[in-house]
Amino acid sequence: MEFRLDPWSSQLVVEYDKLFKYFGIRPFKEVLPELERIVKPHHLMRRGVIFGHRDFERVLQALRSGEGFAILTGLMPSGHMHFGHKMVIDQVIYYQGLGAEIFIAIADVEAYAVRRLSRRDVIRYAKEYVANYLALGLRRERLHIYFQSNYRVEYYRLMQLLSRRVTSAELKDIYGDVEPGKVMSIFAQMADILHPQLPSFGSHRVVLVPVGADQDPHLRLARDLADRYSAEFKSLGLGGLERPASTYHRFMSGLTGGKMSSSKPESYIALTDDPDVAAAKLMRALTGGRPTAAEQRRLGGEPEKCPVYEMLSYHLVPDDEELKRIYLRCRGGEMLCGECKREAAERLRRFLQEHQRRLERARDIVDSVVDVPDF
Ligand code: TRP
Ligand code: SF4
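Residues numbered from 1 in each chain as written. Chains lettered and ligands numbered in written order. Predicted model: local features only at pLDDT ≥ 70, side-chain atom pairs only at ≥ 80, totals over all residues. Heavy atoms only, no water.

Student: It is not clear to me how the overall build of the chain should be interpreted in this structure. Could you clarify?
Tutor: Broken down by element type, the chain carries 16 helices and 7 strands. Taken against the 2.2 N^0.38 rule, which gives 21 Å for 375 residues, the C-alpha radius of gyration of the chain at 21 Å falls within 12% of a compact globule. Each principal axis of the C-alpha distribution contributes one length, and for the chain these read about 70 × 45 × 40 Å. Out of the 375 residues in the chain, the part that is buried amounts to 55%. Partitioning the contacts of the chain with sequence separation of at least 6, the portion at a separation of at least 24 is 78%. Summing over all exposed atoms, the chain offers an accessible surface of approximately 16800 Å²; the carbon and sulfur share of this is 50%. Here the chain contributes 56 positive and 51 negative side-chain charges, whose respective centroids are spaced 2 Å apart. (Helix = DSSP H or I, 4+ residues; strand = E, 2+ residues; numbered from the N terminus. Rg over C-alpha atoms; globule rule 2.2 N^0.38 Å. Buried < 20%, exposed > 50% of the residue type's maximum accessible area, 1.4 Å probe, protein only. Contact = heavy atoms within 4.5 Å. Areas by Shrake-Rupley, 256 points an atom, 1.4 Å probe, with all protein chains shown as cover. Lys, Arg positive; Asp, Glu negative; His and termini not counted. Charge placed at Lys NZ, Arg CZ, Asp CG, Glu CD.)

Structure below.
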């Protein structure tokens, strides 16, 4: 197979359909109606931003029976947290509201060994993420945020045991050439995904991993490992291992086109950007508008291709009816991009002002939420 997903490449995944075809990811819209019968789906689900899943039926089952489930996801502290990173935590907060226990891995070793940041920067960015998470509404009950380099001993034991049933040929097939730093990161991520099922972390149960599509290679390996170790774990009295379930969301486009990326400051808005500076950045963004006003009045804009509309639909307009009105005014050519951007920039400014007020308070409690390594 020629098509490979690379969790370390900076390329934009546009061919979402290939993920269904080659890797057996299922379209999220297949499970949406059933979810709707139980709870109100998140706006990222309703709007197709979360487009794929594996075994989400297990989460539906857990919701129906009330048996409880856990969320495990990870963050990469290799730059300022921006709106593209906000999507994961929005989902985590949603599931926390549904009663899930939450585990969040900080991939500090990966940021250091693969992305090659200094330890000081990694720790600084990680703390900024955690403060942002709290300011966005993540609650502290049944919450476990940990640095991959600074966790409990059972997690490291699991990581080491997992090495026995993985071959280099398999790693190569899934990830391509991997140097040692990547191998360490892969095993850390396997332990992340599987450890909530160890008895000392809550036991055998449904674990859902919400991620961006580039992380699917890790999920495929973790699911295989769950199968390979389940019997042995049962015989050790550990209660077996379930395959993790997962969901996949689209990446945000950058404001200047391409992918929203920490290496291109004009492409993203960080949650810590000054609200006025952020609003000005949005005003300079690419749009789905036509070359001339006359043409736009005649043909309407193209919100599907518009980074400004993406900001509105992913982050700034939770109400479906309100978003629909904006969509129709754009499509119908009733609203031009200048007006639309001014409104969007104003929403963004207000959002950031409010968020950053909460952020100041959240910064003070980061150290009581996560155990920060001293180097
Ligand atoms: N590798 C992920 C990234 O690049 C971060 C991560 C670490 C993660 N452990 C995880 C994601 C476990 C999901 C589950 O962003
Ligand atoms: Fe984008 Fe708004 Fe212009 Fe439509 S009117 S293309 S949504 S900026």
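Student: Mind showing me how you'd approach the environment of Pro244 here?
Tutor: Position of Pro244 among the secondary structure elements: in the loop between helix H11 (216-235) and strand E7 (245-249). A sequence separation of 39 residues divides Pro244 from Arg205, and the C-alpha atoms of the two residues are 9.0 Å apart. Beyond its immediate stretch of four places on either side in the chain, Pro244 contacts Ile193, Leu194, Val207, Val209, Leu219, Ala222, Arg223 and Ala226.

Student: Would you mind showing me how to read the sheet that holds strand E1 (residues 26-27) here?
Tutor: By way of backbone hydrogen bonds, the strands of a sheet pair with one another, either parallel or antiparallel. Strand order in the open sheet made by the 7 strands is E1-E2-E7-E6-E3-E4-E5, with mixed pairing throughout. Each edge of the open sheet is held by one strand with a lone partner, namely E1 and strand E5 (143-147). Two strands pair when backbone bridges link them, and strand E4 (residues 101-106) and E5 are joined in this way by 5 bridges, in the parallel orientation. Of the residues in E5, the one forming a bridge with Ile106 is Phe147. (Pairing = 2+ DSSP bridges.)

Student: Hey, could you run me through the site of ligand 2 in this one?
Tutor: Taken together, the neighbourhood of ligand 2 is formed by Thr287, Gly288, Gly289, Gln296, Cys306, Tyr309, Cys330, Cys337 and Cys340. Of the residues contributing to the shell around ligand 2, the split by class is 5 nonpolar, 4 polar and no charged. (Near = heavy atom within 4 Å. Nonpolar A, V, L, I, M, F, W, Y, C, P; charged D, E, K, R; others polar.)

Student: Just to check I follow, could you spell out the site of ligand 1 for this structure?
Tutor: Every residue close to ligand 1 is listed here: Leu72, Thr73, Gly74, Met76, Ala107, Glu110, Gln148, Gln189, Asp192, Val209, Val211 and Gln215. Residue Asp192 places a side-chain N or O atom 2.7 Å away from a nitrogen atom belonging to ligand 1. In isolation ligand 1 exposes 360 Å². Once the protein is present, 91% of that is buried. Looking at the shell around ligand 1, the elements that each hand over two or more residues are strand E3 (70-75), helix H10 (180-194) and strand E6 (207-212). Ranked by the residues each element gives to the shell around ligand 1, the list is headed by E3, at 3 residues. Residue classes in the shell around ligand 1 are distributed as 5 nonpolar, 5 polar and 2 charged. (Polar contact = N/O pair within 3.5 Å; in protein donor to acceptor, adjacent residues only side chain to side chain.)

Student: How do you make sense of helix H4 (residues 56-65) when you look at a structure like this?
Tutor: One turn of an α-helix holds 3.6 residues; hence residues three or four places apart share an orientation. Within the span of H4, buried status applies to Phe56, Val59, Leu60, Ala62 and Leu63. Projected onto a plane normal to the axis of H4, the buried residues spread over an arc of 160° and lie on a single side. Buried-residue contacts for H4 involve helix H2 (32-38), strand E2 (50-54), helix H5 (83-97), E6 and E7. Looking at the residues trailing H4, positive phi occurs at Gly66, about 75°. (Arc of directions from axis to C-beta.)

Student: Explain the packing of aromatic side chains to me, please; I cannot follow it from the model alone.
Tutor: Each aromatic ring pair is described using two quantities: the centre-to-centre distance and the angle formed by the ring planes. Per the stated rule, a full pass over the model turns up 14 aromatic pairs. When the centroid spacing of 5.8 Å and the interplanar angle of 75° are considered together, the rings of Tyr229 and Phe233 count as edge-to-face. Residue Tyr229 and its partner Phe233 are located together in helix H11, separated by 4 residues, close to a single helical turn. Both residues of the pair, Tyr229 and Phe233, count as buried. A cation over an aromatic ring shows up here: Arg250 above the ring of Tyr16, its NZ or CZ 4.6 Å from the ring centre. Cation over ring: Lys281 sits above Tyr268, and NZ or CZ is 4.9 Å from the ring centre. (Phe/Tyr/Trp six-rings, centres within 6.5 Å; stacked < 30°, edge-to-face > 60°. Lys NZ or Arg CZ within 6 Å of the ring centre and 35° of its normal.)

Student: Looking at this model, I keep getting lost on the pattern of salt bridges. Mind explaining?
Tutor: Oppositely charged side chains can form a pair if their charged atoms are brought close together. Taken as a whole, this structure holds 35 salt bridges when the rule is applied. Measuring nitrogen to oxygen at the nearest pair gives 2.8 Å for the salt bridge that ties Arg54 to Asp216. Residue Arg54 is found in strand E2, and its partner Asp216 is found in helix H11; the two are separated by 162 residues along the sequence. The exposure class of Asp216 is buried, given its relative accessible area of 0%. Between Arg358 and Glu354 there is a salt bridge; the shortest N-O distance is 3.1 Å. With a gap of 4 residues between them, Arg358 and Glu354 both fall in helix H16 (residues 337-369), about one helical turn apart. One continuous salt-bridge network, built from bridges that share partners, spans Asp276, Glu346, Arg349 and Arg350. (Salt bridge = Lys/Arg side-chain N within 4 Å of Asp/Glu carboxyl O.)

Just geometry here; none of it tells us what the structure is for.
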